[in-house]
Amino acid sequence: MNLASSTSSAGVSGPNWVLVVAAVLVSGLLLAGPALRRRYPVTWWLLLGFPAAAFRVVRTWRPLMAGCRLAVSRRPALTVVSGLVGNGAPPPQPRVPRCGLIRPTSSGFALLVRLLPGQVPEDFVKAAPAMAESWHVHAVRVTSWRPGVVRVVASAADPLAAPRGPKQRGPGHLLRVTVGALETGAAWVLDLRRVPHWLIVGATRSGKSTLINALVAGLAPQPVALVGIDCKGGMELSLYEARLSALATNREQAVRLLAALVELTLDRMTVCRAARVRNIWGLPDKERPVPVVVIVDEIAELFLVASRNEKDEAQAAGTALIRLAQLGAALGVFLVVAGQRVGSDLGPGVTALRAQLGGRVCHRVADPGTAEMALGDLNPDALKAAQAITPEQAGTAVLASGDGWERARSHLITESEAEAVAAEYAHLTPVLSELHVEAP
């Protein structure tokens, strides 16, 4: 009798202890939640935030799809009405798009949704704001994943509010630099091997200079040559002069430097042709020439003209830039062209150059024409997102390429920090004798 009683007590107390322990753990997490969220936001999200968000998605999925007109009735309307009148049966539940597994990310979650017949991805793009409201998240982005399936990515909080700087110091991957954070929470990486030429636009105090600081600070430790063209007297790029292989501070110098870069590119083409390879990356390591990154600040200063002589200089500069953009990617010459204003009114050379710059970054701009020039030919949605950037969102930008578009924010790298990094790695500056051209 005693043995049976003790066995029964053990059987009852076991599950009770599990419940007590679970309750204590949950209570502890809830009490420690605010501190955990401040110090370890990713851990807090995975332990507390994501389970709650996933529950809201499951609970609201069917009414949300119906409210956004993404549900489809299982029977024609007349059939449903006749069934109600004849049998008094409740109407059948409408079909809703099938939601896949909800997967957590570092600052949100993602899921795949299979479309019903007759639906297109744009139907879900329009429903994205309603999804964000129903799931209590900062934003929802919908993109086409494959035919018949869309990918829904939710950001629990705004990852662009205070992007954390990169922890890694040192060279890293060649021509690959982490310059900020994407709105998905992932790192914003500029990879010049993948997208070799970039156009960066932005008004004063929009974050354009900060992005260039971050790019130079990331490239300085790498075995690359940095070349600057700053026709505003070198006020911006002279900060990095210790790490620059060449610097032009007016248009006359810029024309000579660009001509020398074109000649350098043609010489490399001869080397590759003799070695029977398509680009410099096919050459042996010891024979491969150093990659050259050309940073052009304030492109308008190269194209604005006030006299016949200046017109000839502007045309020569534009032609050289276009040739570098056409030939440079395979021959290790990369362009980063920046400006406050970029428009077709600067001349046909600007439009032709824009077509060769596959990567675009648009900060807040002072005129819609600049945003149109930067993003309009790639994605209309990206253009709308760029025009919505406010003056309070300094550093925030829309970046676009052939792969799509994203909102991003660069790391806050000050001028003094970038100058210090350039001085620290000044000993790595390659000497390119081809670029040291004398004035006529």
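Structure's up top.
Not measured: the values here are computed from a predicted model.

Caption draft 1: Representation of the packing of helix α6 (residues 251-275) against helix α8 (residues 308-331) in the model. Look at α6 against α8: their axes get within 9 Å of each other, and the N-to-C directions meet at 30 degrees. In this view, α6 runs roughly parallel relative to α8, as classed from their interaxial angle. Taken as a pair, α6 and α8 cross one another with a handedness that is left-handed. Across from R251, E252, V255, L258, L261, V262, T265, L266, R268, M269 and C272 in α6, the residues of α8 making contact are E310, E313, A314, A316, A317, A320, L321, R323, L324, L327 and L331.

Caption draft 2: Structural context of the pairing of strand β9 (residues 225-230). Buried residues dominate β9, accounting for 6 of its 6 residues. Two elements, β9 and strand β11 (residues 292-297), share 6 bridges in a ladder whose sense is parallel. Within β11, the position partnered with G228 by the bridge is I295. Alignment of β9 against strand β10 (residues 244-248), held across 4 bridges, turns out to be parallel. Counterpart to V227 in the pairing with β10 is A246.

Caption draft 3: The arrangement of the packing of aromatic side chains in detail. Per the stated rule, a full pass over the model turns up 4 aromatic pairs. Ring centres of W44 and W45 lie 6.4 Å apart, and the angle between their planes is 40 degrees; on these two criteria the pair is classed as tilted. Accessibility assignment for this pair places W44 and W45 in one class, buried. For the ring pair W61 and W135, a centre distance of 6.3 Å and an interplane angle of 15 degrees mean the geometry is stacked.

Caption draft 4: Spatial organisation of the side chain of H197. Tracing the sequence through the fold places H197 in the loop between β7 (187-191) and β8 (198-201). On the basis of relative accessibility, which here comes to 3%, the residue H197 falls in the buried class. When residues no more than four places from it in sequence are discounted, the contact partners of H197 are L324, A325, A329, V333, F334, L335, Q356, L357, G358 and G359.

Caption draft 5: Region of the structure containing the packing of helix α2 (residues 41-67) against helix α4 (residues 121-135). Orientation of α2 relative to α4, taken along the N-to-C sense of each, is 135 degrees, at an axis distance of 11 Å. On the basis of their axis angle, the class for α2 and α4 is oblique. Handedness of the crossing formed by α2 with α4: right-handed. Every residue of α4 that contacts α2 at R56, V57, T60, W61, L64 and M65 is listed here: F124, A130, M131, S134 and W135. Looking at the contact of α2 with α4 residue by residue, the classes come out as 8 nonpolar, 2 polar and 1 charged.

Caption draft 6: Fine view of the pairing of strand β3 (residues 108-114). For β3, the buried fraction is high: 5 of the 7 residues fall into the buried class. In this sheet, β3 lies alongside strand β1 (residues 98-99) in antiparallel orientation, the contact comprising 2 bridges. By the bridge assignment for β3, C99 is matched with V113. Sheet topology places strand β2 (residues 103-104) next to β3; 2 bridges connect them, and they run antiparallel. Residue pairing for β3: R103 is matched across the bridge by A110. In textbook terms, the turn of a hairpin is the stretch between consecutive antiparallel strands, and for β2 and β3 this stretch comprises 3 residues. Pairing geometry for β3 and strand β5 (residues 149-155), over 7 bridges, is antiparallel. Looking at the pairing, G108 lines up with S155 of β5.

Reading the values: rules and limits
Residues numbered from 1 in each chain as written. Predicted model: local features only at pLDDT ≥ 70, side-chain atom pairs only at ≥ 80, totals over all residues. Heavy atoms only, no water. Axes fitted to C-alpha atoms, helices over the stretch in contact; angles between N-to-C directions. Helix = DSSP H or I, 4+ residues; strand = E, 2+ residues; numbered from the N terminus. Parallel < 35°, antiparallel > 145°, perpendicular 65-115°, else oblique. Left-handed = near helix turned anticlockwise from the far one by under 90°. Contact = heavy atoms within 4.5 Å. Buried < 20%, exposed > 50% of the residue type's maximum accessible area, 1.4 Å probe, protein only. Pairing = 2+ DSSP bridges. Phe/Tyr/Trp six-rings, centres within 6.5 Å; stacked < 30°, edge-to-face > 60°. Nonpolar A, V, L, I, M, F, W, Y, C, P; charged D, E, K, R; others polar.

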